[in-house]
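Listed below, chain by chain, are the residues.
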Amino acid sequence: MHSNLIGRLRGAVGDAGLILDAPGQATYLTDWPRKWSGTTPVVVRPASTDEVAAVMRICHETRTPVVPQGGNTGMTGAGIPDKQGGQIVLSLNRMNRILDVDVVSNTMTVEAGVILQQVQQAAADADRFFPLSLGAEGSCTIGGNLATNAGGIAVLRYGNTRDLTLGVEVVLPDGRVWDGLRALRKDNSGYDLRDLFIGSEGTLGIITRAVVKLFPAQHGRATAWVGVPSHGDAVQLLSMMQSICGERIIAFEMMSEFGLSVILRHVADTQRPLGDVHPYYVLVEIADAQRETPPVLLEEALAKALESGLAHDAVIAVNDRQRQAMWKIREGVSQAQLREGNPLKHDIALPIAQIAPFIDAADALVAAHFPQLPVLNFGHIGDGNLHYNVLLPHDLCDDERERLTREVNLKIHDLAIAYRGSISAEHGVGLLRRDELRRYKSAVETDLMLAIKRALDPDQLMNPGKVL
Ligand code: FAD
Ligand code: MLT
Ligand code: ZN
């Protein structure tokens, strides 16, 4: 570490912007699923773009590697420094101001450290809707959402974070600031630099501010929990409901009975929404600007589903409490699976028509090669994103855990690619998928990614060891 690094960083951000003590640093050094931990000489918390730029200039001059961090809810270890102790953590959590809400342009300008739930609330306060929604929304930041191109539950209707973003401001690895904070819906004036930074997992620059899109408020909502005979019927149900409800379906989540049973076992105050057990369940939500429309459409679609046999049973939430209870089950899955076992998480993207054949093939593979391992299968099937997770027991020795992790991942990911899918739909690559990425990206794609990295970060200062 450079001798006067801490002193120079203090000059840039003041004492309030530095965390030097171990207890204060602890929450920045271990990730949410507690898979990775690291060490750092200092957590730096700048309070403005100018301060971020000053920090990056110092790091550039001293060749100090930087790990950007938002809410530290990421699933791939991408926001955690290594164990060598030479990487600083640059947290955006003091840059947490909502700068502008524009109901004519339907945009909001925010600093990167604003918590996602606060963005949603500010939109609602202005009678608008910001649709990005995920289980970590009470603690993840919009900067982290941008850096991971987060997906969540409303992608089938509104797209992922990339689709919700108009402009970004980025501090480059050498401390220069790129002001791409444009609120334009059309801009073909050259290469799209914005999209380079979105999803780059902190490896190209620090996102400091963003302009995001707002949508008309959805005053009407109707939510149902549906028991279906199979995963194939769940996919057919999506197609059938879309022909009745059109774009008003804003969430269409699937979960296996095993998934539900794990949640009921580990998450307090959750109850089975339907009396009987079904092989799979769908949580579907319809929304519209008009209050009256969603319940009518949902009832019509579910009546047809029950009549045709695509659904065996369904319950519609009659009030917000029941709706929340359904979502509590869905959002409890991340925590519940950690308690049940050691989940090998698979964040597969597939063409929607390939979801059912993929699950059939994956179930057969697991049954043939790993019959002792339960599969916890759930996901955002409305947008083709399946979390086909395989649970290892907690008490495996290191060697056995590593062997099974390698073998299971290889089988599931090879299969996903055979179905022309992706090994990361929404969580990103980080550390978790870095080595596997080489197997699945062509030489051409890898070369292009490396060329971009070299062009923007020639000294390899930004989040070294992640993604590439
Ligand atoms: P962090 O975890 O702090 O960082 C994530 C990555 O972004 C790291 O590479 C970091 O270096 C980089 N980064 C952070 N901020 C910046 C910045 N300002 N500039 C540059 N780089 C930056 N994801 C989904 O997509 N869909 C889901 O449904 C979903 N559900 C989740 C549910 C739970 C319970 C949890 C814990 C996580 C879930 N996630 C989900 C993971 C998701 O990626 C994150 O929750 C979120 O997008 C990360 O935001 P964060 O602020 O916590 O970022
Ligand atoms: C989800 O869909 O709940 C998230 O992606 C989190 C997870 O996979 O645990
Ligand atoms: Zn997910």
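See the structure printed just above.
Every value quoted in this text rests on a predicted model; they were computed, and no experiment measured them.

A. Quick look at the pairing of strand E18 (residues 375-380). Burial analysis of E18 places 6 of its 6 residues in the buried class, which makes it a mostly covered element. Going residue by residue along E18, you find Val375, Asn377 and Gly379 tucked away on one face and Leu376, Phe378 and His380 tucked away on the opposite face as well. Two strands pair when backbone bridges link them, and strand E13 (residues 249-256) and E18 are joined in this way by 2 bridges, in the antiparallel orientation. By the bridge assignment, Met254 is partnered in E18 with Gly379. Hairpin geometry of E18 and strand E19 (residues 385-392) is characterised by an intervening segment of 4 residues between the two adjacent antiparallel strands and by a positive phi of about 80° at Gly384.

B. Summary view of the nonpolar core. In this structure, Leu237, Met241, Val284 and Phe358 are the most contacted members of the largest nonpolar core, which totals 47 residues. Every element with two or more residues in this core is listed here: strand E12 (220-228), helix H8 (231-245), E13, strand E14 (280-288), helix H10 (293-308), helix H13 (355-369), E19 and helix H14 (398-418). Sort the elements by how many residues they give to this core and H8 lands first, with 8 residues. Setting aside residues no more than four positions away along its own chain, Met241 makes contact with Gly246, Ile249, Phe252, Val284, Ile286, Leu298, Ala301 and Leu302. Listed in part, the 33 residues of the second largest apolar core include Val114, Leu116, Ala150 and Ala154.

C. Here's a closer look at the environment of Gln354. Turning to its location among the elements, Gln354 is positioned in the loop between strand E17 (347-349) and H13. The exposure class of Gln354 is partly exposed, given its relative accessible area of 28%. Sequence-wise, Gln354 and Ala416 are 62 residues apart; in three dimensions their C-alpha atoms are separated by 9.6 Å.

Parameters and conventions
- Residues numbered from 1 in each chain as written.
- Chains lettered and ligands numbered in written order.
- Predicted model: local features only at pLDDT ≥ 70, side-chain atom pairs only at ≥ 80, totals over all residues.
- Heavy atoms only, no water.
- Buried < 20%, exposed > 50% of the residue type's maximum accessible area, 1.4 Å probe, protein only.
- Helix = DSSP H or I, 4+ residues; strand = E, 2+ residues; numbered from the N terminus.
- Pairing = 2+ DSSP bridges.
- Core = buried A, V, L, I, M, F, W, Y, C linked by side-chain atoms within 4.5 Å.
- Contact = heavy atoms within 4.5 Å.

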